[in-house]
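Fold and geometry: a report
Residue-level listing of the chains:
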Amino acid sequence: MKKYFFFFVLLSTTISLFAEKPTNAELARWNQHAKQTTIIRDEWDIPHVYGKTDANAVFGLMYAQCEENFPQIEKNFLEMLGRRAEMEGPKVIYEDLMMQLIQDSADAVKDYERSPLWFKQLLMAHADGINYYLYKHPEVKPVVLKKFKPWYHLMWTDGSVSPTRSAGITEKHVEAFYGRQLFANPNAVSRINNFEKPAVFEQPNYDMEEKTLKGSNGFAIAPKHSKTGNAMLYINPHVPFYFRSEMHMVSEEGLNAYGAVTWGQFFIYQGFNENCGWMHTSSYADVADVYEEQVQKINNELFYTYEKENKKIDARKIDIKYVENGVVKNKSFDTYKTIHGPVMGMQNGKWLSLQENNRSLDALIECWSRTKSKSLTDYTKAMELLANNSNNTVYADNAGNIAYWHGNFMPKRDPKFDYTRPVDGSTKTTNWMGVHTLNEIVQSINPSNGWLQNCNATPFTVAGDQSPKAINYPAYMAPDGENGRGITAVALLSKIDKINLDELIALGYNKKLSAFDILLPRFLEEAKTATLAPRTRKAIDYLANWDRFADSNSVATSLAIEWGTKLGSEIPPADTEEAATQIIVKYNRMNLEVPFETKVKILEATLDQFEKWYGSWEIKWGAINRFQRVGPGKNFEDNAFSLAVNQASSKWGALPSFESRRYTNTVKRYGYTGNSFVAAVEFGKRLKAKTIITGGQSRFAESKNFTDQAYGFINGQFKTIHYYKEDVLANKKLAYHPGLDR
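This is a predicted model, so every value here is computed, not measured. (Residues numbered from 1 in each chain as written. Predicted model: local features only at pLDDT ≥ 70, side-chain atom pairs only at ≥ 80, totals over all residues. Heavy atoms only, no water.)

Considerations on the pattern of salt bridges
When the charged atoms of two side chains lie near each other, side chains of opposite charge can form a pair. According to the stated counting rule, one finds 36 salt bridges in the structure shown. Between Glu86 and Arg83 there is a salt bridge, with the nearest N and O atoms lying 2.7 Å from each other. The exposure class of Glu86 is buried, given its relative accessible area of 14%. The partly exposed category is assigned to Arg83, whose relative accessible area is 25%. (Salt bridge = Lys/Arg side-chain N within 4 Å of Asp/Glu carboxyl O. Buried < 20%, exposed > 50% of the residue type's maximum accessible area, 1.4 Å probe, protein only.)

See the structure below:
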């Protein structure tokens, strides 16, 4: 999911700036929730939400989220509703159109209406918690969503950072196809026979190492490798900083879940209860496919060919509202759909339709149900809903079980077809043929080696030599390649004997940049006999004497990362998402295909650049790689306070992730994505857990909780969390019912 820094659009007086006035029935329901809900904030400002019922806990969780970051909640729902242009203007019209092509709100409304009563109560409580907050805080002005509706959450049924799977289709495909509305009326239909192409657009750049594959690690340790004899879980999502918040929700109906919550959602996405824990890594299992459709006009109507028959194309008008110069405007699109799904673009004279499963009632029920699991059996039962379309799962519990599942929702297909590219839509042989059962997908339950790992990479190394074998599964189940983090994780876990919670954290913070074990040796060997300028020779000496760990006091770290980044641009990007996951393949190409002379020129260009920026090319990594937290609407500044960071981009193989870059007004690099909420959990007779979050719980610079966790975040020094009620009360900063002044 793409995230953008929040800003308020200045709207004209034709647009209301206030939330809708509640009805008496709503007020009565809200007040009842508030009476039965208590929020206790501890010394770290983490909210522990206690409710009599699950619905009360949801109500309180949403109220607490709004206190911390209502603007991000509104933004997230605008994205999933396909309504961002109402806030951000015409530049995102086609992103909204793409989302509305994939997700029809009418389907979400139907799902709400057919929801079981217990779940409908949670959905109502979700909307109520947000709306009650807006009612109690009239100074908070929603930009677009004046009143949240209980079906909204059914437009967003996955907590992943990338919940919408589109098989490589992007808004550029959508804009090129629908932007000129070539096929919007009968007169335009005649153009189809001539295959008049939509506007030309650049093919998407599937550079996963620069995008999603930077991130997320999950490790599960069985009792045989634990000093206490208890299973342990390491939860380490890599997402944009402040993308999630750390929260705790408890009810008298068996709920007691702690962990990371994605802004706007009512469940703990990555976390744990007293019995078990769950970590999700983004999966690249194939769960969405593109079909080539043969389209023709017959009597000025559109048809596509399927099984040698002409089938009429379904049409749907979609209106995209957008704000421009303070005025809300509307742009209408006539959109199309085949048996496979919505038409999203055109390629080689054929229309492209998308089959996917991006939102469903079962998916959201699964997300909720797993948080109340008490055993591997319970957790498996939740997963048997087969509705999670974007996540792998690393699991551990207090019975000593560890488990890994690669994906969850997995359509059955004929493995003779290559679904990494568009397939023929005119034949039923390429169709989905139901869904694989849970026991058919790639998984590893209690492997004999005693540990499991996944770092957004192939499942065929999750348990070292005890991993599942690729030969036993169709290729579409696990097209994921290997990356540097996967190599580092397997190397470290293969050597453990017995470790404790702190040693698990230290392992998770290992900063070995394993990519340079591929990129440097050949280059250094060739450099030994090359004629080089003294400055270049000295730079290569730094690299030759480097241990290949990220280090804030290391000149070699600075050189290697800048050099490696430039070197990567010498290799053309992959032409499919699946091929782009082959990160180690790319590093091998960088090593073997780029001539030595080019590598030297790139190094010399790096030295020139450093001299220009910093006055000297011998610059330590910590001098340029910085953590700085800024308040809403503020920019990074080189002259403002910041901290040196001894981490680096996890695309180079480091397990912790600190992605940094320069901005238009800076010469130093500032972190913006990577480690967010990180947890290490031990499941014994009494649960023990330590966590850290980026900077601090509060997004407001005047709060002492703005950067109180920054040092621990950088150095892997976690805080011990308060899970049990007596510990929460002993560390209480304040307690209140929602709606009362804090």
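Still more ground to cover, so stick around.
Re the packing of helix H1 (residues 24-35) against helix H6 (residues 117-136)
Each pair of packed helices can be described by the angle between their axes along with the distance between the axes. Close contact between H1 and H6 brings their axes to 10 Å; oriented N to C, the two are set at 95°. Between H1 and H6, the crossing angle belongs to the class labelled roughly perpendicular. Residues Leu27, Arg29, Trp30, Asn31, His33 and Ala34 of H1 form the contact with H6, whose own contacting residues are Met124, Ala125, Asp128, Asn131, Tyr132 and Tyr135. When its residues are assigned to classes, the contact of H1 with H6 shows seven nonpolar, three polar and two charged. (Axes fitted to C-alpha atoms, helices over the stretch in contact; angles between N-to-C directions. Helix = DSSP H or I, 4+ residues; strand = E, 2+ residues; numbered from the N terminus. Parallel < 35°, antiparallel > 145°, perpendicular 65-115°, else oblique. Contact = heavy atoms within 4.5 Å. Nonpolar A, V, L, I, M, F, W, Y, C, P; charged D, E, K, R; others polar.)

Here's the deal with the packing of aromatic side chains
Tallied over the full model, the rule gives 47 aromatic pairs. With a centroid separation of 5.3 Å and 70° between ring planes, the pair formed by Trp118 and Phe119 is classed as edge-to-face. Given the relative accessible area of 42%, Trp118 is considered partly exposed. Of the residues examined, Phe119 reaches a relative accessible area of 0% and is grouped as buried. (Phe/Tyr/Trp six-rings, centres within 6.5 Å; stacked < 30°, edge-to-face > 60°.)

Digging into the environment of Thr691
Tracing the backbone through its elements, the reader meets Thr691 in strand S28 (residues 688-692). Since its relative accessible area comes to 0%, Thr691 is described here as buried. Setting aside anything within four residues of it in sequence, one finds Thr691 in contact with Glu246, Tyr258, Phe677, Val678, Ala679, Phe718, Lys719 and Ile721. At 2.8 Å, the side chain of Thr691 forms a polar contact with the side chain of Glu246. Within the local environment of Thr691, its side chain forms a polar contact with the side chain of Lys719, the two groups lying 2.9 Å apart. (Polar contact = N/O pair within 3.5 Å; in protein donor to acceptor, adjacent residues only side chain to side chain.)

A few points about the pairing of strand S18 (residues 391-397)
Burial of S18 is extensive: seven of the seven residues sit out of reach of the surface. Burial of S18 is two-sided: the residues Asn391, Thr393, Tyr395 and Asp397 facing one way and the residues Asn392, Val394 and Ala396 facing the other way are all buried. One ladder, built from seven bridges, connects strand S9 (residues 276-282) with S18; its direction is antiparallel. Within S18, the position partnered with His280 by the bridge is Thr393. Alignment of S18 against strand S19 (residues 402-405), held across four bridges, turns out to be antiparallel. Bridge pairing links Ala396 to Ile402 in S19. The turn linking S18 back onto S19 is made up of four residues, and Gly400 within it adopts a positive phi angle of 90°. (Pairing = 2+ DSSP bridges.)

Re the confidence of the model for the protein
Scored by pLDDT, the protein comes out at a mean of 92, with 92% of its residues at no less than 70. Throughout residues 182-196 the model reports pLDDT below 50, and contacts reaching past four residues in sequence, or to other chains, amount to 30 contacts. Between residues 198-202, whose pLDDT stays under 50, and residues either more than four places distant or in other chains, the model counts ten contacts. (pLDDT = per-residue confidence, 0-100.)

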